[in-house]
Amino acid sequence: DTEVTQTPKHLVMGMTNKKSLKCEQHMGHRAMYWYKQKAKKPPELMFVYSYEKLSINESVPSRFSPECPNSSLLNLHLHALQPEDSALYLCATRRADNSPLHFGNGTRLTVT
Amino acid sequence: DAKTTQPPSMDCAEGRAANLPCNHSTISGNEYVYWYRQIHSQGPQYIIHGLKNNETNEMASLIITEDRKSSTLILPHATLRDTAVYYCIVRVWGLGQNFVFGPGTRLSVLP
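Residues numbered from 1 in each chain as written. Chains lettered and ligands numbered in written order. Predicted model: local features only at pLDDT ≥ 70, side-chain atom pairs only at ≥ 80, totals over all residues. Heavy atoms only, no water.

Draft legend 1. Geometry of the overall build of chain B. Along its length, chain B carries zero helices and nine strands. Order of helices (α) and strands (β) in chain B, N terminus to C terminus: β-β-β-β-β-β-β-β-β. Expected size for 111 residues packed as a compact globule is a radius of gyration near 13 Å; at 13 Å, chain B falls within 12% of this value. The buried share among the 111 residues of chain B stands at 48%. (Helix = DSSP H or I, 4+ residues; strand = E, 2+ residues; numbered from the N terminus. Rg over C-alpha atoms; globule rule 2.2 N^0.38 Å. Buried < 20%, exposed > 50% of the residue type's maximum accessible area, 1.4 Å probe, protein only.)

Put into structure tokens, the structure is as follows:
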């Protein structure tokens, strides 16, 4: 069981579609992360939000647009993706300064 | 950011201790060592972390050398369910810090 909930679990979208990934936590954690993971590779950091403000953007293409509407919710809006964007997208949250990351089980995205 | 190096793969017999090494020779005084593992198709799972003292919890033990340039994660009695990729990360204190994953060690626990 994970306390970080990601929806949907699976998503198939065309290159012209707009879709959103959702991440929710109710642990009071104030940092939230998006990672992208390709098969047989480690997770790759995309964005970090700290106290609902974007603090790190790892030069991610603008077709990925993060949003943190409140302290419990993190979205990743997707538009005009490419087939190479197919991957597992992981959300993680963190409570405090030296506390560990808690991960959700991810959304497996396929772009056709 | 301190970089880490880990062996790409290791085998361990079921029921034996698994000792996974991590080198972080450029670690600075305020950087913590974190260990995670990832079982196929799941999100990474936190195992343990420490600054300079050895740490133990219900999952594992973390041994950090006195000079802090390396550490070892010990799974005392490995089971088949411990087969996973294990990641060692060093990270400074701070809420919005970027946790960067290296390639990790693929541990195979053999029956």
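Draft legend 2. Just the pairing of strand β2 (residues 10-13) of chain A, in detail. Residue and element names in this part refer to chain A. Because side chains alternate across β2, one face comprises the buried residues Leu11 and Met13, and the other comprises His10 and Val12, none of which is buried. Relative to strand β11 (residues 107-111), β2 runs parallel, the two being bridged by four bridges. Its bridge partner lying in β11, Met13 is registered against Val111. (Pairing = 2+ DSSP bridges.)

Draft legend 3. Region of the structure containing the side chain of Arg37 of chain B. Residue and element names in this part refer to chain B. For Arg37, the location among the structural elements is in strand β3 (residues 31-38). Polar contacts involving the side chain of Arg37 include one to the side chain of Tyr86, which spans 3.0 Å. If we ignore the near neighbours within four places in the chain, the residues touching Arg37 are Gly43, Pro44, Gln45, Ile47, Met59, Arg81, Asp82, Ala84, Val85 and Tyr86. (Polar contact = N/O pair within 3.5 Å; in protein donor to acceptor, adjacent residues only side chain to side chain. Contact = heavy atoms within 4.5 Å.)

Draft legend 4. Spotlight on the nonpolar core. Formed by 22 residues in total, the largest nonpolar core has its most connected members in Trp34, Phe64, Leu76 and Leu78 of chain A. Of all the elements in the fold, those that place two or more residues in this core are β2, β3 (18-25), β4 (31-37), β5 (44-50), β7 (64-70), β8 (73-79), β9 (87-94) and β11 of chain A. In this structure Leu78 of chain A touches Leu11, Met13, Asn17, Lys18, Lys19, Leu21, Arg63, Phe64 and Leu109 of chain A, once residues within four positions along its chain are discounted. Grouped together as the second largest cluster of nonpolar side chains are 21 residues, Leu20, Leu75, Ala84 and Val109 of chain B included. (Core = buried A, V, L, I, M, F, W, Y, C linked by side-chain atoms within 4.5 Å.)

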